[in-house]
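The chain contents come next:
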Amino acid sequence: MAYPATVFHYKVSWNNTDIGFSDVSGLTQEIQAIEYRDGLMSGNTPSLRRPGIRKVNNITLKRGIVAQNNDLFLWFNNNGAPNVERRDISISLLSDEGDPLMVWNISQAFPVKCEGPGLKATGNDIAIESIELVHEGITVRTT
């Protein structure tokens, strides 16, 4: 009997480097429906529907803050350069053996929001930073 994959074993890669994130969200795609009716259709006839434009959500990546590692904020600030740095990103859901089961390839991503941790004097949590990315599309591949 085959069991469904678990959500906690995955990796995020860009520039041929694997980066550890504690949370990945926004791997959502939808197609907007186009409805059409003309004057010859009777009142109780449903509208005709066709697939329209594909829409993708922003992707959010979260990870624990580590001393001397400010690369997400530097990417967000574009290292001081005038043009945005775009990255192709690969998010792989892994099997128990570490092999990719499903891979989401994100094209031409760049950051639009960088968020530091919520600080609390009485807190007992890991300091988490997050980065929100826009992109030009997702392709999904199963292996």
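## Examining the overall build of the protein chain
Across its full length, the protein chain carries one helix and ten strands. Secondary structure elements of the protein chain occur, N-terminal to C-terminal, as β-β-β-β-β-β-α-β-β-β-β. Computed over its C-alpha atoms, the radius of gyration of the protein chain comes to 20 Å, more than 25% above the 15 Å expected for a compact globule of 143 residues. The dimensions of the protein chain, computed from C-alpha atoms along their principal axes, are 70 × 50 × 35 Å. When each of the 143 residues of the protein chain is scored for burial, the buried share is 25%. Contacts spanning at least 24 positions in sequence make up 62% of the contacts within the protein chain whose residues lie at least 6 apart. Total accessible area on the protein chain stands at roughly 10100 Å², and carbon and sulfur atoms take up 52% of it. Within the protein chain, one finds 13 positive and 16 negative side-chain charges whose respective centroids are separated by 7 Å.

## Side note on the environment of I59
Relative to the helices and strands, I59 resides in strand β6 (residues 59-64). Taking the relative accessible area as the measure of exposure, I59 reaches 2% and is therefore buried. Along the chain, I59 and T28 lie 31 residues apart, while their C-alpha atoms are 8.5 Å from each other. With residues up to four places along the chain from it excluded, the contact list for I59 reads S25, G26, L27, I106, I131, E132, L133, H135 and I138.

## Focus on the packing of aromatic side chains
Enumeration according to the criterion identifies three aromatic pairs in this entry. On the basis of an interplanar angle of 55° and a centroid distance of 5.2 Å, the ring pair of W14 and W75 is categorised as tilted. Taken together, the residues span a long stretch of sequence, with W14 in strand β1 (residues 10-14) and W75 in helix α1 (residues 71-76) at a distance of 61 residues. Taken individually, W14 and W75 each receive the classification buried, so the pair is uniform in this respect. Summarising the aromatic geometry, the rings of F73 and F76 are spaced 6.5 Å apart at their centres and angled 35° between planes, so their arrangement reads as tilted. With a gap of three residues between them, F73 and F76 both fall in helix α1, about one helical turn apart. By relative accessible area, which is 32% here, F76 ends up partly exposed. A network of ring pairs unites the aromatic residues W14, F21 and W75 as a single cluster. Above the ring of W75, the side-chain terminus of R87 is found at 4.0 Å from the ring centroid.

## Description of the pattern of salt bridges
Using the criterion set out here, one finds six salt bridges in the structure. Notably, a salt bridge pairs K11 with D18, separated by 3.8 Å at the nearest N-O pair. A cluster of three or more residues bridged by salt bridges with shared partners is formed by R63, D71 and E129.

## Observations concerning the confidence of the model for the protein chain
Per-residue confidence for the protein chain gives a mean pLDDT of 91; residues scoring 70 or more make up 99%. Model confidence for the protein chain, summarised as mean pLDDT per element, is weakest for α1 at 89 and strongest for strand β3 (residues 23-25) at 97.

## Focus: the side chain of R87
With respect to the helices and strands, R87 occurs in strand β7 (residues 87-94). Within polar-contact distance, the side chain of R87 engages the side chain of E85 at 3.0 Å. Not counting the four nearest positions on each side in its chain, R87 is found in contact with W14, N15, W75, I106, S107, Q108 and A109.

Here is what the cut-offs are and how they apply
- Residues numbered from 1 in each chain as written.
- Predicted model: local features only at pLDDT ≥ 70, side-chain atom pairs only at ≥ 80, totals over all residues.
- Heavy atoms only, no water.
- Helix = DSSP H or I, 4+ residues; strand = E, 2+ residues; numbered from the N terminus.
- Rg over C-alpha atoms; globule rule 2.2 N^0.38 Å.
- Buried < 20%, exposed > 50% of the residue type's maximum accessible area, 1.4 Å probe, protein only.
- Contact = heavy atoms within 4.5 Å.
- Areas by Shrake-Rupley, 256 points an atom, 1.4 Å probe, with all protein chains shown as cover.
- Lys, Arg positive; Asp, Glu negative; His and termini not counted.
- Charge placed at Lys NZ, Arg CZ, Asp CG, Glu CD.
- Phe/Tyr/Trp six-rings, centres within 6.5 Å; stacked < 30°, edge-to-face > 60°.
- Lys NZ or Arg CZ within 6 Å of the ring centre and 35° of its normal.
- Salt bridge = Lys/Arg side-chain N within 4 Å of Asp/Glu carboxyl O.
- pLDDT = per-residue confidence, 0-100.
- Polar contact = N/O pair within 3.5 Å; in protein donor to acceptor, adjacent residues only side chain to side chain.

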